[in-house]
Amino acid sequence: MNVSRRQFFSILGAGTAAAALPGCICPPKCARARAKIGLQLYSLKDYIKGVGLERGLNNIAAIGYKGVEFFGGSCFGNDPKEVRKWLKDAGLVACGIHVDNRQYGFDTKAWTFNKDEMKKICDFNLTFGNNLIVCPGGGNIPPGAKWSDGQGGDLCKPSQAIDDFTKRLCDLYNEGAEVAANYGCRIGIHNHTWEHGILMMDGETTFWDYFFSHTDQKVVMEQDVGWSTCAGDSIPGVNPMVQYKKYPHRSPTLHAKENGMGKGVVKFDAILGKPGCD
């Protein structure tokens, strides 16, 4: 599937979501004017560990990025109050963090929600100036599914277990998003390919479509355009632009990168325009 840069930004320009090149972008207010480009710190995790977060942030700002997205539910082990100062000194904003859904307080085995854990993760993030807390898959995968679903070959076989899991997961996210909103935070999910490669029992609805059709607007969508494009190479109808049309006003940030895996990637999502490593 090929998506032109002009087509993609024309969709985003309709007021549905903000756009960014590799990494993430600033909160929704940026989308109403002009999207700003941020960097997902996972891309530089080894470098940051080597030079330290403070120096790393200054160097990231020096090459033109406006924001950074953290990962792993932490700030490389640094005090969030210090991190807030370092971000300010560098002229950067925190535009998100990736967490495992257990850090929301979700237990997808007992199907319980610990609100104290949600308060804890919100308090931690607000301390360094972030209010967007996204789960990139940890704890979201239904039984019988795997990370590689949606990357070619047969799709994951539908099952009642997948349907039941997905429906209960939606309930957790709806309740969790309501609690997070009380603290001024937003939660949601980030995709790879499996979200598009898993079908519900009706044989037509994907996990992704079911999830965003059965969750409140408070539950955000951080679409990885590269992974959606990768899924679209083998799954008819998967198109990142279509997702923004179907679920407007759900996307404060997006990820953009090559649409595949490994150093041999040769296809791209039409936003980056040149090769790189996944």
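Report follows, based on the coordinates. Just so it is clear, the model here is predicted, and its values are computed rather than measured.

### Considering the pairing of strand 3 (residues 93-98)
Remember that side chains alternate between the two faces of the sheet whenever the strand is regular. The buried fraction of strand 3 amounts to five of the six residues, a majority that puts the element mostly inside the structure. Relative to strand 3, strand 2 (residues 67-70) runs parallel, the two sharing three bridges. Bridge pairing links valine 68 to alanine 94 in strand 3. Read as a crossover between parallel neighbours, the route from strand 2 over helix 5 (residues 80-90) to strand 3 is right-handed.

### A few points about the sheet that holds strand 8 (residues 219-224)
The strand order across the open sheet built from seven strands is 1-2-3-6-7-8-9, with neighbouring strands paired in parallel fashion. Both edges of this open sheet fall to strand 1 (38-40) and strand 9 (254-255), since each of them pairs with a single strand only.

### Concerning helix 4 (residues 53-62)
Since the α-helix advances by 3.6 residues per turn, residues separated by three or four positions end up pointing in the same direction. Along helix 4, the positions that sit buried rather than exposed are Leu53, Gly56, Leu57 and Ile60. Buried residues along helix 4 cover an arc of 100° about the axis, so they all sit on one side. With respect to the buried face of helix 4, the exposed residues turned more than 90 degrees away are Arg55 and Ala62. Against strand 1, helix 3 (45-51), strand 2 and helix 5 lie the buried residues of helix 4. A positive phi of about 110° marks glycine 64, the residue just after helix 4.

### Describing the packing of helix 4 against helix 5
Packing of helix 4 against helix 5 brings their axes to within 9 Å, and their N-to-C directions diverge by 25°. Judged on the interaxial angle alone, helix 5 and helix 4 are roughly parallel. As for the relative orientation of helix 4 and helix 5, their crossing is right-handed in sense. Mapping the contact onto sequence places Leu53, Glu54, Leu57, Asn58 and Ala61 in helix 4 and Val83, Trp86, Leu87 and Ala90 in helix 5. In the contact of helix 4 with helix 5, the residues fall into seven nonpolar, one polar and one charged.

### Let's talk about the packing of helix 6 (residues 115-127) against helix 7 (residues 160-182)
Relative placement of two packed helices is described by the angle separating their axes and the distance separating the axes. Contact pair helix 6 / helix 7: the axes reach a minimum separation of 10 Å and the direction vectors enclose 50°. Relative to helix 7, the element helix 6 is oriented oblique. The crossing of helix 6 and helix 7 is right-handed. In this structure, helix 6 uses Lys115, Met118 and Cys122 to contact helix 7, whose residues at the interface are Glu175, Gly176, Val179 and Ala180. A class-by-class count of the residues in the contact of helix 6 with helix 7 yields four nonpolar, one polar and two charged.

### As for the state of the cysteines
The full count for this structure, using the stated rule, is zero disulfides. Unpaired in this structure, cysteine 122 has its nearest cysteine sulfur neighbour in cysteine 185, at a distance of 3.7 Å.

### Comments concerning the environment of asparagine 239
In this structure, asparagine 239 sits in the loop between helix 10 (225-232) and helix 11 (240-246). A residue is classified by how much of its surface remains accessible, and asparagine 239, at 17% relative accessible area, is buried. Considered as a pair, asparagine 239 and threonine 229 are 10 residues apart in the sequence and their alpha carbons are 6.3 Å apart. Engagement of the side chain of asparagine 239 in a polar contact is seen with the backbone nitrogen of methionine 241, the distance being 2.8 Å.

### Observations regarding the packing of aromatic side chains
For the structure shown, the criterion picks out 16 aromatic pairs. Between tryptophan 147 and tryptophan 194, the aromatic rings sit 6.4 Å apart at their centres with planes inclined by 85°, giving edge-to-face as the arrangement. Residue tryptophan 147 is found in the loop between strand 6 (132-135) and helix 7, and its partner tryptophan 194 is found in helix 8 (residues 194-197); the two are separated by 47 residues along the sequence. Here tryptophan 147 falls in the partly exposed class, since its relative accessible area comes to 44%. Three or more aromatic residues joined by ring pairs form one cluster here, namely Tyr104, Phe106, Phe113, Trp147, Tyr173, Trp194, Phe207, Trp208, Phe211, Phe212 and Tyr247. For lysine 45, the ring lying beneath its charged end belongs to tyrosine 42, and the centroid distance is 4.1 Å.

The rules behind these values
Residues numbered from 1 in each chain as written. Predicted model: local features only at pLDDT ≥ 70, side-chain atom pairs only at ≥ 80, totals over all residues. Heavy atoms only, no water. Buried < 20%, exposed > 50% of the residue type's maximum accessible area, 1.4 Å probe, protein only. Helix = DSSP H or I, 4+ residues; strand = E, 2+ residues; numbered from the N terminus. Pairing = 2+ DSSP bridges. Right-handed = clockwise from strand over helix to strand, strands pointing away. Arc of directions from axis to C-beta. Contact = heavy atoms within 4.5 Å. Axes fitted to C-alpha atoms, helices over the stretch in contact; angles between N-to-C directions. Parallel < 35°, antiparallel > 145°, perpendicular 65-115°, else oblique. Left-handed = near helix turned anticlockwise from the far one by under 90°. Nonpolar A, V, L, I, M, F, W, Y, C, P; charged D, E, K, R; others polar. Disulfide = S-S within 2.5 Å. Polar contact = N/O pair within 3.5 Å; in protein donor to acceptor, adjacent residues only side chain to side chain. Phe/Tyr/Trp six-rings, centres within 6.5 Å; stacked < 30°, edge-to-face > 60°. Lys NZ or Arg CZ within 6 Å of the ring centre and 35° of its normal.

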